[in-house]
Amino acid sequence: MADYELDPFIEGIASELRRPVRVDARFDDRVMAALDAPTVIPIHQARPRSWKERRWTLSITPVGGMVAAAALFAIAISGAKLVVDSREAGAPIAVATDSIAMRNVANVPEAPESMIIEKQFTVLVPGVKSVALVGDFNDWDVKATRMELLSPKGLWSVTLPLRVGRHEYQFVVDDTLHITDPTAPESSSDFGSANSVVTVTRRDP
Amino acid sequence: MAPSRGLPLQNDDDAAVVARVLAGQTDAYATLVARYRSQFARYALRMLGNREDAEEALQDAFVRAYRSLTRCDEPEKFGSWLFRILANRCRTAGTRRGRREKTFVRDEIALLDASEDHPAERAAWREEIQRALMRLEEDHREAFLLKHVEEMAYEEMAELTGVGVSALKMRVKRACERLRSELHEVQGG
Amino acid sequence: MLFGVAAVSLAWWAGTDPRLTMRLDARTNEAVSAIVESAKREGVPTEPLIKKALEGASKRAAGETIVAVVRGYANDLRRAREALGPKSSEEEVKAGADALRAGVKVQELERLREAKAGQRFAVALDAMSYLVNRGVPADTASSALVRLVLASATDEQITALRADIERDIAGGMPSGLSTAARANGLEQVIAAADENGGAPGTALPSGRGSIGSTGLGVNAGAAVQGNAATGGLPNDGPKPSPRGKPKRP
């Protein structure tokens, strides 16, 4: 006995409904945050912070050795509760495995001061609820760098510290639509949508 | 990643991940979240009709699953177990629904798919489908989605819902009849 | 006890970067992490690979696409490292890989090895990528910048060059033309400074002014050809026109 009659009309409807659905990039983080995990996990900011508050520049290179790394872990683990509690205040910690380093959002460990320049990004997008900046300097994380609405005409802006050199980025509108910066040069993207490019240079001495 | 036919609800690797989580490596749970969220998001969305409710139900399900992970008797079937939790969440969420009319389909349009012909028409058709789906009775919608969208066998569906196979067949039949009558007019040429 | 805990945690973390675990599905994560691991073993920078995967995740690319792109990028990083030599920094290797991806030939990268000891070239490589993105043919961009690096141009000079070219383009000048003219102009300046016994860069005006005395300005299309300091510009017949129109995907 067949389970059901194959009806092409129903099958057509079903195949439309089977189309994959995209999930908010923040979803996984929200779930993990809701678990109330006690260990040190990558924690991203929920709200935008001024760049000064986000600077964590402690870093330990592999050369520093296991002892230093172990000491750091001891600090990290013993301080984990403190970190998790202050999560609400938006203190971010990103832990990488290639070098044991605490990085700030602009990913500038060990960089001398002159190698980090504050750069302002602006874009005009009227009639939207949010705009975020994503790029290689913030791991393309839509939660990391929310932009601020400066005028009712739809001028969005954010300023953040960037390492000297070439960076690729995009703006993300309402967490769904990726757009490039109309004022910036573009590079072709491997993923089908072009990136904007900014080259950050040292200030004139 | 785009889900293939049916849900891969059995995965040996899941057992290993569950074991790690239970041993204290909470981070490992992220692997399970990443593995199942897209597939289950689709079900939640079709069932509840809007993004916010769907994501809420999905997040809720993941958190509940985590909290009761010790009660997952067959960790290699974590997927099934989680889906059962999700289906329950969706049934509960359904009772609170009604306020939000806007469906998720509009958001999908913004997410490219320029490869399609006549994207605007397809989008409108999809909205109609979702609207018709939402007009079904909850039990019928659930049965239809499990059978035709998640492509489960009736025995699996019975295990998941606790409802008998013949009752499920009846629900699917009613759902198909209703959808056919509502959508045939809309589809036109 | 302290060290015991630390050892366990480190061992566990050696496997995969948590950012990848959080944002990629399991299958993609596994494949990407394997590529990252083997890159690390070969001394190839891994952070650009991780960022590339996260870029793909942010753009909701399919898992297979992400893996393919990361694999391709790892190969480009390897090629750049081979071309630039073992003393090249991570920054230079990444800049070199980006230049290769933009279309610069690996032989051009190899020429950079002839640069004087202590000469760094990440800025020059970034400038190559920039120019190619702006429509300059890859050969023109790379040969101009390689010449400048070999002439010991400083980072500041190359930065100023790029800014001048950007301004020329904004004013409507074809990018290839501006590149050739400006690069030639800078070479003259460096050569003149060398002759006069000064270090390159000491006599250079700031980025706001024009390089040398060619005074390239907005309407200088014809003027450039007339004033070009040495005999003629390379005849590369730049095809692309400046991209003034904003593009949205």
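Residues numbered from 1 in each chain as written. Chains lettered and ligands numbered in written order. Predicted model: local features only at pLDDT ≥ 70, side-chain atom pairs only at ≥ 80, totals over all residues.

Draft legend 1. Region of interest: the overall build of chain B. Across its full length, chain B holds 9 helices and 0 strands. When the helices and strands of chain B are placed in sequence order, the string is α-α-α-α-α-α-α-α-α. Expressed as a percentage of its 189 residues, the buried residues of chain B come to 40%. Looking at chain B alone, contacts between residues at least 24 apart form 71% of all its contacts between residues at least 6 apart. (Helix = DSSP H or I, 4+ residues; strand = E, 2+ residues; numbered from the N terminus. Buried ≥ 20, exposed ≤ 12 C-beta atoms within 10 Å, placed from the backbone. Contact = placed C-beta atoms within 7 Å.)

Draft legend 2. Layout of the overall build of chain A. A tally of helices and strands in chain A yields 4 helices and 8 strands. When the helices and strands of chain A are read in sequence order from the N terminus, they spell out α-α-α-α-β-β-β-β-β-β-β-β. Among the 205 residues that make up chain A, the fraction classed as buried is 37%. Restricting to contacts in chain A with at least 6 residues of sequence separation, those with at least 24 account for 68%.

Draft legend 3. Broad picture of helix 9 (residues 138-150) of chain C. All names here are of chain C. Under the 1.5 Å per step criterion, the end-to-end length of helix 9 is 18 Å for 13 residues, consistent within 8% with the ideal 18 Å. Three or more residues of helix 9 are buried, namely Thr 140, Ala 141, Ser 142, Ser 143, Ala 144, Leu 145, Val 146, Leu 148 and Val 149. Summarising the contacts, the buried residues of helix 9 are in contact with helix 7 (106-111), helix 8 (122-133), helix 10 (155-170) and helix 11 (175-195). Within two residues after helix 9, Ser 152 carries a phi angle of roughly 70°, on the positive side. (Expected span 1.5 Å × (residues − 1).)

Draft legend 4. Representation of the sheet that holds strand 3 (residues 148-151) of chain A within the structure. Residues and elements named next belong to chain A. Judged by pairing direction, the sheet is antiparallel, and its 3 strands sit side by side in the order 1-4-3 without closing on themselves. Here the strands that pair on one side only, and so sit at the sheet edges, are strand 1 (116-124) and strand 3. Averaged over all adjacent pairs, the angle separating strand axes in this sheet is 35°, with direction ignored. With 3 bridges connecting them, strand 3 and strand 4 (residues 155-163) associate as antiparallel partners. Across the sheet, residue Leu 149 finds its bridge partner in strand 4, namely Trp 156. (Pairing = 2+ DSSP bridges. Axes fitted to C-alpha atoms, helices over the stretch in contact; angles between N-to-C directions.)

Draft legend 5. A look at the pairing of strand 8 (residues 195-200) of chain A. Residues and elements named next belong to chain A. Both strand 5 (residues 165-173) and strand 8 contribute to a ladder of 5 bridges, which runs antiparallel. Among the inter-strand pairings, His 167 is bridged to a residue of strand 8, identified as Val 198. Relative to strand 8, strand 7 (residues 186-187) is paired through 2 bridges, and the arrangement is antiparallel. Bridge assignment links Glu 186 to a residue of strand 8, and that residue is Ser 196.

Draft legend 6. Region of the structure containing unusual backbone geometry. Positioned with a positive phi, Trp 140 of chain A is a non-glycine residue whose angle comes to about 55°. Counting through the fold element by element, Trp 140 of chain A comes out in the loop between strand 2 (131-135) and strand 3. Non-glycine residue Ser 152 of chain C carries a positive phi angle of around 70°.

Draft legend 7. Spatial organisation of the packing of helix 2 (residues 29-48) of chain B against helix 3 (residues 51-67) of chain B. Residues and elements named next belong to chain B. At their nearest, the axes of helix 2 and helix 3 sit 9 Å apart, and the two run at 140° to each other. The angle between helix 2 and helix 3 falls in the class oblique. Between helix 2 and helix 3 lies a crossing whose hand is right-handed. The segment helix 2 lies against helix 3, with Tyr 29, Val 33, Arg 37, Phe 40, Ala 41, Ala 44, Leu 45 and Leu 48 engaging Arg 51, Asp 53, Ala 54, Ala 57, Leu 58, Phe 62 and Tyr 66. For the contact of helix 2 with helix 3, the per-class residue count stands at 12 nonpolar, no polar and 3 charged. (Parallel < 35°, antiparallel > 145°, perpendicular 65-115°, else oblique. Left-handed = near helix turned anticlockwise from the far one by under 90°. Nonpolar A, V, L, I, M, F, W, Y, C, P; charged D, E, K, R; others polar.)

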